[in-house]
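Residue-level structural notes
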Amino acid sequence: MRLKNKVALITGAARGIGRSIAINFAQQGCDLILLDVGQDIAGVSYSLGSENQLEHTAMLCRDLEVGVLSGLADVRDVEQIELIVTEGLARFGKIDVLVNNAGIATPSGKIVHDIEESDWQLMLDVDLNGVWRMTKSVGRIMSQQRSGSIINIASTAGLVGYRYFSAYVAAKHGVIGLTKASALDYAPLKIRVNAICPGSVRDDDVLEGKMLVEIAKAIKVNEQNHESLFVESHPLNELVECSDIANAAIWLASDDAVRVTGSVTTIDAGFTVK
Ligand SMILES: NC(=O)c1ccc[n+]([C@@H]2O[C@H](COP(=O)([O-])OP(=O)(O)OC[C@H]3O[C@@H](n4cnc5c(N)ncnc54)[C@H](O)[C@@H]3O)[C@@H](O)[C@H]2O)c1
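Because the structure is a prediction, the values reported are computed rather than measured.

1. What to know about the sheet that holds strand E3 (residues 68–72)
Strand order in the open sheet made by the 7 strands is E3-E2-E1-E4-E5-E6-E7, with parallel pairing throughout. The open sheet has two edge strands, E3 and strand E7 (264–267), and neither has a second partner. Neighbour-to-neighbour, the strand axes of the sheet open up by a mean angle of 15°, direction not taken into account. Strand direction decides the pairing type here: strand E1 (residues 7–11) and strand E2 (residues 31–36), joined by 5 bridges, are parallel. Note on E2: the bridge partner recorded for Ala8 is Leu32. Where helix H1 (residues 16–27) meets the sheet, it contacts E1, E2, strand E4 (97–100) and strand E5 (148–153), and its direction lies at approximately 170° from that of E1.

2. Things to note about unusual backbone geometry
Here the residue pair Thr106 and Pro107 is connected by a cis peptide bond, since its omega of 10° sits within 30 degrees of zero. When you line up the elements, Pro107 lands in the loop between E4 and helix H4 (117–145). Phi at Lys220 takes a positive value of approximately 60°, unusual for a residue other than glycine. Here Lys220 shows up in the loop between helix H6 (211–218) and helix H7 (226–231). A relative accessible area of 69% means that Lys220 is categorised as exposed. Backbone geometry at Ala269 places phi at a positive 50°, although glycine is not the residue there. Relative to the assigned elements, Ala269 resides in the segment after E7. Classification of Ala269 by relative accessible area gives buried; the value is 12%.

3. Quick look at the environment of Ala14
Checked against the element boundaries, Ala14 lands in the loop between E1 and H1. Along the sequence, Ala14 and Leu34 sit 20 residues apart, while their C-alpha atoms lie 8.0 Å from each other. Contact partners of Ala14, with chain neighbours within four places excluded, come to Arg19, Asp36, Gly49, Ser50, Gln53, Leu54 and Thr57.

4. A closer look at the site of the ligand
Close to the ligand lie 31 residues, the nearest being Arg15, Asp36, Asp74, Asn101 and Tyr168. In this structure, Ile17 approaches the ligand through a main-chain N or O atom, which is 2.9 Å from an oxygen atom. Val201 places a main-chain nitrogen or oxygen 2.9 Å from an oxygen atom of the ligand. For the shell around the ligand, the secondary-structure elements that each account for two or more residues are H1, helix H5 (166–186) and H6. For the shell around the ligand, the residue count by class is 17 nonpolar, 9 polar and 5 charged.

5. Structural notes on the pairing of strand E6 (residues 191–198)
Buried residues dominate E6, accounting for 8 of its 8 residues. Residues Ile191, Val193, Ala195 and Cys197 line one face of E6 and the alternating positions Arg192, Asn194, Ile196 and Pro198 line the opposite face, and both faces are buried. Pairing of E5 with E6 involves 6 bridges; the strand directions are parallel. Residue pairing across strands places Ser149 opposite Arg192, the latter belonging to E6. For the crossover that starts at E5, traverses H5 and ends in the parallel E6, the hand is right-handed.

6. Comments concerning H6
Burial within H6 is extensive, with 6 of its 8 residues counted as buried. Burial in H6 covers these residues: Leu212, Val213, Glu214, Ile215, Ala216 and Ala218. Tucked into the core, H6 has its buried residues touching H7. Note on H6: the residue one or two positions beyond its end, Lys220, has a positive phi of about 60°.

7. Some words on empty space enclosed by the protein
Inspection of every chain in the model, using the stated rule, returns 1 cavity of 30 Å³ or more. Here the largest cavity defines a volume of roughly 40 Å³. Considering the residues around the largest cavity, the lining is formed by Thr11, Val75, Asn100, Asn101, Ala102, Val126, Gly130, Val131 and Met134. Across the lining of the largest cavity, the residue classes break down as 5 nonpolar, 4 polar and no charged.

8. Side note on the environment of Gln144
With respect to the element layout, Gln144 can be found in helix H4. Look at Gln144 and you get exposed, because its relative accessible area is 69%. A C-alpha to C-alpha distance of 15 Å links Gln144 and Leu98, two positions 46 residues apart in sequence.

Quick notes on the rules
- Residues numbered from 1 in each chain as written.
- Predicted model: local features only at pLDDT ≥ 70, side-chain atom pairs only at ≥ 80, totals over all residues.
- Heavy atoms only, no water.
- Pairing = 2+ DSSP bridges.
- Helix = DSSP H or I, 4+ residues; strand = E, 2+ residues; numbered from the N terminus.
- Axes fitted to C-alpha atoms, helices over the stretch in contact; angles between N-to-C directions.
- Contact = heavy atoms within 4.5 Å.
- Buried < 20%, exposed > 50% of the residue type's maximum accessible area, 1.4 Å probe, protein only.
- Near = heavy atom within 4 Å.
- Polar contact = N/O pair within 3.5 Å; in protein donor to acceptor, adjacent residues only side chain to side chain.
- Nonpolar A, V, L, I, M, F, W, Y, C, P; charged D, E, K, R; others polar.
- Right-handed = clockwise from strand over helix to strand, strands pointing away.
- 1 Å grid on protein atoms, 1.4 Å probe; cavity = no way out; pocket = protein on both sides within 12 Å on 5 of 7 lines; lining within 4 Å.
- Points joined across faces, edges and corners; volume = space filled by probe spheres on them.

Everything listed here is a matter of coordinates, which is why it stays silent on function.
In structure tokens form, the structure reads like this:
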């Protein structure tokens, strides 16, 4: 029960890594505000999390006997964000943890000069600006509380380049920069800001995550055996699991990490060591 009496807001909670973090936080006694766009976004080549999937995450967490509020919001839309943040604050009275997990992997798959202006803007607006908007909304509350932990789910694409993924890579490098700069802004207010960089995370049927197969399609890796092809570049010879990310997030959210801020935790089965 490492997160008992804490309240966490998790974005992109309908499925995948977000769902895993929600369930693992609930197992640690954390009350939850779960947010997801809950519908597809024009320009993203695959289906995003649905309203039903968000409700399923909420149900799985309620079964663990924690308080759960869930709502639809697009991290591109300030009004939608403010609505759920205000509702969450009214319900729980505080927000201790913000997990900025919502993200998209496409539009991508093009050489940099072929990227459309609108595709570039979309990627940056969700994967980077969305993190800033959420920080802006919840950071105000945390600054009044004089406490808080913000956990930004970046990527190894925030540390190294990936071919034909420049918008995603730029957005995730931006998330690392935002993490470090806001860690400094917030240090006097006892708000900690840290980033987690997952490597290739195995899509999990139970968690209904879909990102890895979509990345494979975008870079034209055979989607039938994409896992074994991705594994080859990971020294530990296995892909990362969603629960690996959730375990790191529990630590960063907990009082065990009370003097950890501005850090970048890489969870990539050794991918970036080489
Ligand atoms: N899966 C991987 O291999 C991997 C690797 C490195 C980093 N990441 C990062 O981890 C995070 C989660 O990825 P995942 O693998 O669980 O992907 P996923 O597609 O399974 O889940 C992402 C969730 O975010 C939601 N979302 C997308 N755009 C949104 C928006 N504008 N507003 C609100 N919600 C939105 C989706 O609906 C979905 O439920 C992302 O930030 C991703 O970039 C994933």
